[in-house]
Amino acid sequence: MPRERLSVVVTRRLPEAVETRLSELFDVTLRDDDTPMSRSELVEALQTADVLVPTVTDEIDARVLGQAGPQLRLIASYGAGVDHIDVQTARQRGVLVSNTPGVLTDDTADMAMGLILAVTRRIPEGLALMQKGEWEGWAPTALLGGRVSGRRLGILGMGRIGQAVARRAAAFGMQIHYHNRKRLRPEVERDLEATYWESLDQMVARMDVVSINCPSTPSTFHLMNARRLKLMKPSAVIVNTSRGEVIDENALTRMIRAGDIAGAGLDVYEHGTQVNPRLRELPNVVLLPHMGSATLEGRIEMGEKVIINIKTYEDGHRPPDQVVPAML
């Protein structure tokens, strides 16, 4: 007799190609609309599914996991970040956790470079002028920004995405600097023409642009706090396509309003969708709705990784992208 298929619950709408393939391989329950599951819906899913496929909008903490059924064996998260999952508690309950690393490197790096250009060249301000029909023609001193060529870029977090940002920025003529938990190998540094700073304080004090590309961990929470933001040059800008919690958002807002920092480009926020309203009012701040990974190609590749992790587990092997607490 054929083996009974795994029961898989998906918490959000995914690209059609991904949903179709999941349906072909597993006994899958798909989401009818694109709203996040409520907490009670999450608990119900954990009580019925062998495998849960959540996204970054689903908070799977110890209390939720404590109500999971004994049949739950794998949380195959659709996304690279896993800070929305209590991995330690899942492990204690015998539940594996996997993610989808590596597929969004280029997409996120593209967005970081886009934000650097948008802030330094004041692109949204020009766009707003045109949309309002208020442009009265070219003027020698109108909307003056600054060229990125020759500027120093300080990258905080030199993993796959940080290195991809470095390569793009170098093509624009920027000077590459970085701070990382571990220094890169000499040959990688030479390839990127990157200068390493052991002291984050010393690096941010000398940069024209700071790009946040590190993961969200207890050690990176408010890594860019009020004291460290104060070290930045008044002419410098900061860009974040990583995790909002890395920057003290209230402190950043105060300093930009006071002219202590020249501007910011943000795709992620400390409190999710609850963006500081004072931040929205600033013309020198570019705010995007977490679009860093928003390409069709990237989202399909994420889905393919989820499927591989589930299928590998079903075949009795360790999911290739299994996450363990020691990795966090």
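Here, the structure is the one placed above.
Quick notes on the rules
- Residues numbered from 1 in each chain as written.
- Predicted model: local features only at pLDDT ≥ 70, side-chain atom pairs only at ≥ 80, totals over all residues.
- Heavy atoms only, no water.
- Helix = DSSP H or I, 4+ residues; strand = E, 2+ residues; numbered from the N terminus.
- Contact = heavy atoms within 4.5 Å.
- Salt bridge = Lys/Arg side-chain N within 4 Å of Asp/Glu carboxyl O.
- Buried < 20%, exposed > 50% of the residue type's maximum accessible area, 1.4 Å probe, protein only.

A. Examining the side chain of S211 more closely. Secondary-structure assignment places S211 in strand β9 (residues 209–212). Apart from the residues within four sequence positions on either side, S211 is in contact with A112, L153, G154, I155, L156, V165 and V239.

B. Expanded view of unusual backbone geometry. A positive phi is found at L143, a non-glycine position, where the angle reads about 50°. Mapped onto the elements of the fold, L143 is located in the loop between α6 (123–131) and β6 (152–156). Positive phi values are uncommon outside glycine, yet H290 reaches one of about 50°. Inspection of the secondary structure assignment puts H290 in the loop between β12 (285–287) and α13 (296–314).

C. Structural context of the pattern of salt bridges. Within this structure, the stated rule accounts for 21 salt bridges. We note a salt bridge from R31 to E41, for which the minimum N-O separation is 3.4 Å. Within this pair, whereas R31 is found in the loop between β2 (27–29) and α2 (39–48), its partner E41 is found in helix α2, the two being separated by 10 residues in sequence. Judged by its relative accessible area of 14%, R31 falls in the buried class. Relative accessible area serves as the criterion here: at 30%, E41 is assigned to the partly exposed category. The network of salt bridges with common partners includes R31, D33 and E41.

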